[in-house]
Number of protein chains: 2
Amino acid sequence: MPGRIPKKLADSLNQQPLADFKVGVDNVIFSVDTAQNRLLVLLVMRQQEPFLNYWGLPGTLVRQGESLEDAAYRIMAEKIRVKNLYLEQLYTFGGPKRDPREATDSYGVRYLSVSYFALVRFEEAELIADKVAGIAWYPVKQVPQLAFDHNEILAYGHRRLRNKLEYSPVAFEVLPETFTLNDLYQLYTTVLGENFSDYSNFRARLLKLGFLCDTGIKVSRGAGRPATLYKFNADAFAPFKDKPLVFI
Amino acid sequence: MPGRIPKKLADSLNQQPLADFKVGVDNVIFSVDTAQNRLLVLLVMRQQEPFLNYWGLPGTLVRQGESLEDAAYRIMAEKIRVKNLYLEQLYTFGGPKRDPREATDSYGVRYLSVSYFALVRFEEAELIADKVAGIAWYPVKQVPQLAFDHNEILAYGHRRLRNKLEYSPVAFEVLPETFTLNDLYQLYTTVLGENFSDYSNFRARLLKLGFLCDTGIKVSRGAGRPATLYKFNADAFAPFKDKPLVFI
DNA sequence: ACAAAAGTGTTTGACGTACACCCATGT
DNA sequence: ACATGGGTGTACGTCAAACACTTTTGT
């Protein structure tokens, strides 16, 4: 573990000029294809150097007067049309040498990436085809080598997604207004893995918590008994806010 | 929730020039004064504008060729000498207008703050007195109004500290090599609050987990039965890595 | 001897786990 | 009728909460 720099060295560094940065925002956008039980991430084919023709996370550089979050939403809006989404900041990757552009104008401008994590509903997410249509949902298990350090960012986002799902009600942000308990269960299994919990126990736990209300409406999906549609009740959830709530 | 920007507007924004950034690193450095059962945060008195004579988090601007984490360690090293510490990135605050310096050269340079969270051992942390000695441990319950958005950053760090303590073995990074179970318990109570758990249950749970090994050595602290010194066994902890481990 | 600090044990109830089983619908 | 998906119930083990109790020291 570092943490100790001799005083003399520190003083000499005091004279070092400050770095100038361009700040980029990269989004890790997940969705769940419940029909095929696959967790997907949105990738774009890069159409300029560096990393021309590599897949990468949708990203952009931050403009004047634009907040980081605004930039994150801007990329979203350029690539995808959605009704519901969950978005939060992920991590900031900022070592020197992470962007090859720095090499050309050595020690001129640094490129820093603030990554954002998003979860959208697959069924209602409409991809916006670029001129060259280089945009696609990729199963996270099959992503190729990506531009920059984007594989690392994706891995980080994936970890966060699993945690979020276990400890917070993100799922309800990407489910439709009303949903069956099986919809919910499918979402959890595809993200967390097949054997995260027995269905009946999952069901019992969630219903006992009391923030899902029965709408009374039933839907039939092919054969089998029709399922009840439930609705997430944000008010009833309030007491659990910030408390370590476990869905697992 | 935003997320939809009309295509036309997005295109017009495409012409907006990129923002130029200076990147700062601000550290939220916590320590626990177990003697007085207080959670402390390290503050420095600002000696230049903006916010001259305000208390603020120790911070610095990132230099050429320096990584974010390097910068975080550099501030640490300038303010404090420690043997053990835990450090991790916290959050990146980057809206326009968060730094008054932006106003002077309007739409010139933006100031962005990547905050880091640190936990150090109070007893062995040696503050490095500046020329003007404007540096001090403040009880988190009594921090005054700080420079910039540092109160917000501190609040964020405090939340993270509580979570870290509950779900990960950070405590052992700031305890000495060997410690009594009461030392550990004190640390938890001062951070998490008086009634987070009964001592005997806390004790039983931790011992059953099996990653604390009895050194056989006993220490007497005033009256009362001497306590056994325990040691954290990182290898024995390995199986719990990444698993939702609850100390509460 | 007594207080103070460390450590042990026991009872209780809540809850996760793993099943077995019943219900309602389409074909 | 029976397969299919939806939903209920139960028996068992584990563990957190609360608290009573024993052990070992200093004064």
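Source: prediction; values computed, not measured.

**Student:** Now, about the overall build of chain A: what can you tell me, with residues and values included?
**Tutor:** The helix and strand inventory of chain A stands at eight helices and twelve strands. The burial tally for chain A puts 48% of its 248 residues in the buried class. Carbon and sulfur atoms make up 50% of the accessible area of chain A, which amounts to about 12100 Å² in all.

**Student:** Outline the pairing of strand S2 (residues 38–45) of chain A, listing residues and values.
**Tutor:** Residue and element names in this part refer to chain A. Of all eight residues that make up S2, six are buried, and the element is covered over most of its length. Bridge analysis of strand S1 (residues 20–33) against S2 gives four bridges, and the strand direction is antiparallel. In the sheet register, Phe30 faces S2, and the bridge partner there is Val41. Linking two consecutive strands that pair antiparallel, namely S1 and S2, is a turn of four residues; a positive phi of about 50° is found at Asn37 within it. Relative to strand S3 (residues 55–56), S2 runs antiparallel, the two being bridged by two bridges. The partner of Val44 across the bridge, within S3, is Gly56.

**Student:** Which residues make up the nonpolar core, and what are the values?
**Tutor:** Counting 54 residues, the largest nonpolar core has Val23, Met76 and Val120 of chain A together with Val23, Met76 and Val120 of chain B as its most contacted members. Setting aside anything within four residues of it in sequence, one finds Val120 of chain B in contact with Ile29, Phe30, Ser31, Val32, Met76, Ile80, Val82, Asn84, Leu85, Ala125, Trp137 and Val174 of chain B.

**Student:** Could you give me a rundown of the protein's contact with DNA strand C, with the residues and numbers involved?
**Tutor:** Neighbouring DNA strand C are 20 residues; Ser200 and Asn201 of chain A together with Asn182, Arg203 and Thr228 of chain B lie closest to it. Taken together, the sugar and phosphate atoms account for 66% of what DNA strand C places within 4 Å of the protein. Within the contact set of DNA strand C, a phosphate oxygen lies 2.9 Å away from a side-chain nitrogen or oxygen of Arg203 of chain B. In this structure, Arg225 of chain B approaches DNA strand C through a main-chain N or O atom, which is 3.2 Å from a base nitrogen. Taken together, the elements giving at least two residues each to the surface near DNA strand C come down to helix H7 (199–209) of chain A together with helix H7 (199–209) and strand S12 (227–232) of chain B. Classifying every residue of the surface near DNA strand C by side-chain character gives six nonpolar, nine polar and five charged.

**Student:** Go over the protein's contact with DNA strand D, please, and point to the residues and values.
**Tutor:** Taken together, the neighbourhood of DNA strand D is formed by 20 residues, with Asn182, Arg203, Arg225 and Thr228 of chain A together with Ser200 of chain B sitting nearest. The protein-proximal atoms of DNA strand D, defined as those within 4 Å of the protein, are 63% sugar or phosphate. Within the side chain of Ser200 of chain B, an N or O atom sits 2.5 Å from a base nitrogen of DNA strand D. A distance of 2.9 Å separates a base oxygen of DNA strand D from a polar atom in the side chain of Arg225 of chain B.

**Student:** Report on unusual backbone geometry, specifying residues and quantitative values.
**Tutor:** All names here are of chain A. Omega for the bond connecting Glu49 with Pro50 falls within 30 degrees of zero, at -5°, which places this linkage in the cis form. Here Pro50 shows up in the loop between S2 and S3. Here the phi dihedral of Asn53 falls at roughly 70°; this positive angle occurs in a residue that is not glycine.

**Student:** Can you break down the sheet that holds S12 of chain B residue by residue, with the values?
**Tutor:** All names here are of chain B. Strand order in the open sheet formed by three strands is S10-S12-S11, and the pairing between neighbours is antiparallel. If you trace the sheet from one side to the other, it starts and ends with strand S10 (178–180) and strand S11 (212–219), each paired once. Between one strand axis and the next, the sheet turns by 40° as a mean value, whatever way the strands run. Relative to S10, helix H6 (residues 181–192) is tilted by about 75°, and along the sheet it contacts S10, S11 and S12.

**Student:** So what about the packing of helix H4 (residues 150–167) of chain B against H6 of chain B? Which residues, and what values?
**Tutor:** Residue and element names in this part refer to chain B. Put simply, H4 and H6 touch, their axes get as near as 10 Å, and they point 145° apart. Crossing angle aside, the handedness with which H4 passes H6 is left-handed. Note on element contacts: H6 touches H4 through Leu187, Tyr188, Val191 and Leu192, opposite Leu161, Arg162, Leu165 and Glu166. Taken together, the residues of the contact of H4 with H6 sort by class into six nonpolar, no polar and two charged.

What counts and how
- Residues numbered from 1 in each chain as written.
- Chains lettered and ligands numbered in written order.
- Predicted model: local features only at pLDDT ≥ 70, side-chain atom pairs only at ≥ 80, totals over all residues.
- Heavy atoms only, no water.
- Helix = DSSP H or I, 4+ residues; strand = E, 2+ residues; numbered from the N terminus.
- Buried < 20%, exposed > 50% of the residue type's maximum accessible area, 1.4 Å probe, protein only.
- Areas by Shrake-Rupley, 256 points an atom, 1.4 Å probe, with all protein chains shown as cover.
- Pairing = 2+ DSSP bridges.
- Core = buried A, V, L, I, M, F, W, Y, C linked by side-chain atoms within 4.5 Å.
- Contact = heavy atoms within 4.5 Å.
- Near = heavy atom within 4 Å.
- Polar contact = N/O pair within 3.5 Å; in protein donor to acceptor, adjacent residues only side chain to side chain.
- Nonpolar A, V, L, I, M, F, W, Y, C, P; charged D, E, K, R; others polar.
- Axes fitted to C-alpha atoms, helices over the stretch in contact; angles between N-to-C directions.
- Left-handed = near helix turned anticlockwise from the far one by under 90°.

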